[in-house]
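Close look at the chain arrangement
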Amino acid sequence: MRALDRLGIFGGTFDPPHLGHLILAECAVNGLNLSRVLFVLAADPPHKQGQLVTPVAHRLAMLEHAIADNPCFALSRIDIDRPGPHYSVDMLRLLCAEYAESPLFFLMGGDSLDHFLTWRDPAGILDSAQLAVIRRPGAPFDLRELTAQLPSLPDRLQFVDAPPIGVAASDLRDRIHAGQSIRYQVPDAVAAYIHENHLYED
Ligand code: ATP
């Protein structure tokens, strides 16, 4: 990467990755003039402790399939190769040091912004990256309340224009479990991988 390239950082559980994730990242590339989006797979997401999460090798393989055909998308193993739980503030500090010349944009959906104050060290996150938020259907947030608690937020927050996509990984898992189709909601290669490996069936 060239110095001063604008870099999107997109963290998630990606269980499974779906079109909502990909459209969000693509719209961020366009809307924020990013050179690249790094998809950061959280092997051990702190907000999903105690929940059943698909083994990281499967989530990684699905994410590789999902982003394979987009030259602006790349995968980061930073939250796979270090011990968890994987807090975003630590991940962003590490990436900030690695890409010291590049402005970082931390991509998230509106539901994540709504919970942002419950994350570890939100002010520390804003020190490392600007937030780039994509509104998500059925996920409102209270910007006044967020700003009251986190005064540095407005200067570090941008919204990205994107068509609202009502796809959610939890809904896809439920659909597979119920024997319903997920066609058109995930890339074909991801659907094939899920089918071949019998994921989410139990
Ligand atoms: P789950 O339903 O299991 O909570 P998810 O679909 O929200 O999963 P995650 O991997 O947890 O997927 O999400 C990673 C990031 O992508 C989060 O910031 C989330 O807000 C955002 N995101 C996921 N789906 C959408 C969507 N359809 N529109 C906008 N943002 C989304």
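Residues numbered from 1 in each chain as written. Predicted model: local features only at pLDDT ≥ 70, side-chain atom pairs only at ≥ 80, totals over all residues. Heavy atoms only, no water.

This brings us to the pairing of strand E1 (residues 7-12). Counted residue by residue, E1 has 5 buried out of 6 residues, so it is predominantly covered. The sheet contact formed by E1 and strand E2 (residues 36-41) spans 6 bridges and is parallel. Directly across from Ile 9, in E2, lies its bridge partner Leu 38. Tracing the backbone out of E1, into helix H1 (residues 19-32) and back to the parallel element E2 gives a crossover that is right-handed. Relative to strand E4 (residues 104-109), E1 runs parallel, the two sharing 3 bridges. In the strand pairing of E4, Leu 7 is matched with Leu 104. (Buried < 20%, exposed > 50% of the residue type's maximum accessible area, 1.4 Å probe, protein only. Helix = DSSP H or I, 4+ residues; strand = E, 2+ residues; numbered from the N terminus. Pairing = 2+ DSSP bridges. Right-handed = clockwise from strand over helix to strand, strands pointing away.)

In this section: the sheet that holds E2. Taking strand neighbours across the sheet as the criterion, the 6 strands line up as E3-E2-E1-E4-E5-E6 in an open arrangement whose pairing is parallel. In the strand order of this sheet, the two ends are held by strand E3 (73-76) and strand E6 (157-159), each with one partner. Strand-to-strand, the axes of this sheet are offset by a mean angle of 30°, without reference to chain direction. In this sheet, E3 lies alongside E2 in parallel orientation, the contact comprising 4 bridges. Following the sheet pairing, Phe 39 is matched in E3 by Leu 75. Sheet strands in contact with H1 are E1, E2, E3, E4, strand E5 (130-134) and E6, and its direction is about 140° off that of E4. Against the sheet, helix H3 (residues 88-98) makes contact with E1, E2 and E4, and its axis sits at roughly 150° relative to E4, the strand it touches most. (Axes fitted to C-alpha atoms, helices over the stretch in contact; angles between N-to-C directions. Contact = heavy atoms within 4.5 Å.)

Ala 169, Leu 172 and Ile 176 are the residues of helix H7 (residues 169-177) that are buried. For H7, the arc enclosing every buried residue in end-on projection is 55°, short of the 170-degree limit, so these residues lie on one face. What points out from H7, more than 90 degrees from its buried face, is the exposed set Asp 174 and His 177. On its buried face, H7 sits against helix H8 (188-196). (Arc of directions from axis to C-beta.)

Inspection of the entire model under this criterion finds 4 salt bridges. The shortest N-O distance in the salt bridge between Arg 93 and Asp 121 comes to 3.1 Å. On the criterion of sequence distance, the pair formed by Arg 93 in helix H3 and Asp 121 in the loop between helix H4 (110-114) and helix H5 (122-128) is long-range, its members being 28 residues apart. On the basis of relative accessibility, which here comes to 42%, the residue Arg 93 falls in the partly exposed class. Of the residues examined, Asp 121 reaches a relative accessible area of 34% and is grouped as partly exposed. (Salt bridge = Lys/Arg side-chain N within 4 Å of Asp/Glu carboxyl O.)

This part covers the site of the ligand. Around the ligand sit 21 residues, and of these Asp 111, Ser 112, Ile 165, Ala 169 and Ser 170 come closest. Contacts to the ligand include Phe 14, whose backbone N or O atom sits 3.0 Å from an oxygen atom. In the model, an oxygen atom of the ligand is placed 2.8 Å from a nitrogen or oxygen of the Ala 169 main chain. Computed on the free molecule, the ligand has an accessible area of 600 Å², of which 90% lies beneath the protein chains in the complex. Tallied by class, the residues present in the shell around the ligand amount to 8 nonpolar, 9 polar and 4 charged. (Near = heavy atom within 4 Å. Polar contact = N/O pair within 3.5 Å; in protein donor to acceptor, adjacent residues only side chain to side chain. Areas by Shrake-Rupley, 256 points an atom, 1.4 Å probe, with all protein chains shown as cover. Nonpolar A, V, L, I, M, F, W, Y, C, P; charged D, E, K, R; others polar.)

Comment: phi is negative for the bulk of residues other than glycine, and the bulk of peptide bonds are trans. A cis geometry characterises the amide bond from Asp 15 onward to Pro 16, with omega recorded as 5°. Within the element layout of this structure, Pro 16 appears in the loop between E1 and H1. Between Gly 84 and the following residue, Pro 85, the backbone shows a cis peptide bond with an omega angle of -5°. If you trace the backbone, Pro 85 turns up in the loop between E3 and H3. Here His 198, not a glycine, exhibits a phi torsion of approximately 55°, which is positive. Mapping His 198 onto the fold places it in the segment after H8.

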